[in-house]
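Structure assessment
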Amino acid sequence: MNVSTKEMTLTVGEAAERVGLTTYTLRWYEQEGLVAPVGRDAVGRRRYTAGDVNWLLLLTRLRRTGMPVRDMRRYAELARQGDRTLGARRALFEAHRARVLSRMAELEEDLSVLNYKIDAYRRAEEEK
């Protein structure tokens, strides 16, 4: 698939920098089916569109929130199938949101312990 020269596109390096991934990871995402095959220029180099970059930004957020690659792959498959999968995509995101909220609650508890210990050490230092 060749990319239209009218639409501004990015090289793999530029796209990687824009989304905060390595070029290796971008290629891996494509190989894993997380990204639809990326367009190519006249000499066969990958060219990323704004749509490709937005998709990659979503994937990086999903990954950063701990979504397993298998769920990301499932989401990509569902998205490619169109509107008939809206309910399945929503359900996948709702399940992931529940995991994220649970993890956030755990982190809040952990942060409370850290704050308690920091305050205790600060008080102990001041008493010296």
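That block above? That's the structure.
To start, this report covers the structure provided alongside it. (Residues numbered from 1 in each chain as written. Predicted model: local features only at pLDDT ≥ 70, side-chain atom pairs only at ≥ 80, totals over all residues. Heavy atoms only, no water.)

**Concerning the overall build of the chain**
- Along its length, the chain carries five helices and zero strands.
- Listed N to C, the secondary structure of the chain is α-α-α-α-α in terms of helices and strands.
- Expected size for 128 residues packed as a compact globule is a radius of gyration near 14 Å; at 21 Å, the chain overshoots this value by more than 25%.
- Counting only C-alpha atoms, the chain reaches 70 × 35 × 20 Å along its principal axes. (Helix = DSSP H or I, 4+ residues; strand = E, 2+ residues; numbered from the N terminus. Rg over C-alpha atoms; globule rule 2.2 N^0.38 Å.)

**Things to note about the pattern of salt bridges**
- One pass over the structure, following the stated rule, counts eight salt bridges.
- When the shortest N-O distance is used, the salt bridge between E77 and R74 registers 3.9 Å. With a gap of three residues between them, E77 and R74 both fall in helix α4 (residues 69-80), about one helical turn apart.
- For E77, a relative accessible area of 34% puts it in the partly exposed group. (Salt bridge = Lys/Arg side-chain N within 4 Å of Asp/Glu carboxyl O. Buried < 20%, exposed > 50% of the residue type's maximum accessible area, 1.4 Å probe, protein only.)

**Structural notes on the side chain of D71**
- Topologically, D71 is positioned in helix α4.
- A distance of 3.3 Å separates polar atoms of two side chains, one belonging to D71 and the other to R99.
- Once you skip the residues sitting within four places of it in the chain, D71 turns out to touch L92 and R99. (Polar contact = N/O pair within 3.5 Å; in protein donor to acceptor, adjacent residues only side chain to side chain. Contact = heavy atoms within 4.5 Å.)

**Examining the packing of helix α1 (residues 12-19) against helix α2 (residues 23-31)**
- Contact pair α1 / α2: the axes reach a minimum separation of 8 Å and the direction vectors enclose 95 degrees. Taken as axis vectors, α1 and α2 run roughly perpendicular relative to one another. Facing V12, G13, A15, A16 and V19 of α1, the residues of α2 in contact are T23, L26 and R27.
- Considering only residue class, the contact of α1 with α2 consists of five nonpolar, two polar and one charged. (Axes fitted to C-alpha atoms, helices over the stretch in contact; angles between N-to-C directions. Parallel < 35°, antiparallel > 145°, perpendicular 65-115°, else oblique. Nonpolar A, V, L, I, M, F, W, Y, C, P; charged D, E, K, R; others polar.)

**Here we look at helix α3 (residues 50-64)**
- If you check α3, its first and last C-alpha atoms are 21 Å apart, about what 15 residues at 1.5 Å a residue would give, namely 21 Å.
- If you check which residues of α3 are buried, you get D52, V53, L56, L59, T60 and L62.
- Where α3 is buried, its residues contact α1, α2, α4 and α5 (86-127).
- Just beyond α3, the residue with positive phi is G66, at close to 90 degrees. (Expected span 1.5 Å × (residues − 1).)

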